[in-house]
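# Structure at a glance
Each chain, letter by letter, is given below.
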Amino acid sequence: MDPHSGHIDRIDQLYAGDDVEAISLARQTKRKVPVEVWRDGRKIVRIDAAPGVWARYQAGDLTPSRTD
């Protein structure tokens, strides 16, 4: 998600058998920005970025990326 507008700025496809597996796959990657997991048009979960990393990103110290 774009940290300033809250809009989706990228889409990553996850292939999972069910919601629980999709959440597990999404949590395996550390992210600098919050991420939402959707399936068939419904939001399953929102995973916030690590607080320290998120604060540094908002301050302009980091560029957006999926991993540290």
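This text follows the structure it describes.
The structure contained in this document is the topic of the report that follows. (Residues numbered from 1 in each chain as written. Predicted model: local features only at pLDDT ≥ 70, side-chain atom pairs only at ≥ 80, totals over all residues. Heavy atoms only, no water.)

To continue, consider the overall build of the protein. Of regular secondary structure, the protein possesses two helices and two strands. Listing every helix and strand of the protein by position from the N terminus yields α-β-β-α. Within the protein, the fraction of its 68 residues that count as buried is 26%. When contacts within the protein are restricted to residue pairs at least 6 apart in sequence, those whose partners lie at least 24 apart make up 32%. (Helix = DSSP H or I, 4+ residues; strand = E, 2+ residues; numbered from the N terminus. Buried < 20%, exposed > 50% of the residue type's maximum accessible area, 1.4 Å probe, protein only. Contact = heavy atoms within 4.5 Å.)

Here we come to the environment of Asp2. Relative to the helices and strands, Asp2 is located in the segment before α1 (19-27). According to the relative accessible area criterion, Asp2 is partly exposed, its value standing at 25%. Excluding anything up to four places from it in sequence, Asp2 contacts His7 and Asp9.

On the secondary structure map, Arg42 appears in strand β2 (residues 42-47). Owing to a relative accessible area of 40%, Arg42 belongs among the partly exposed residues under this scheme.

The next subject is the pairing of β2. Summarising the sheet, strand β1 (residues 35-39) and β2 pair through five bridges and their orientation is antiparallel. Its bridge partner being in β2, Glu36 is matched across the sheet by Arg46. Linking two consecutive strands that pair antiparallel, namely β1 and β2, is a turn of two residues; a positive phi of about 50° is found at Asp40 within it. (Pairing = 2+ DSSP bridges.)

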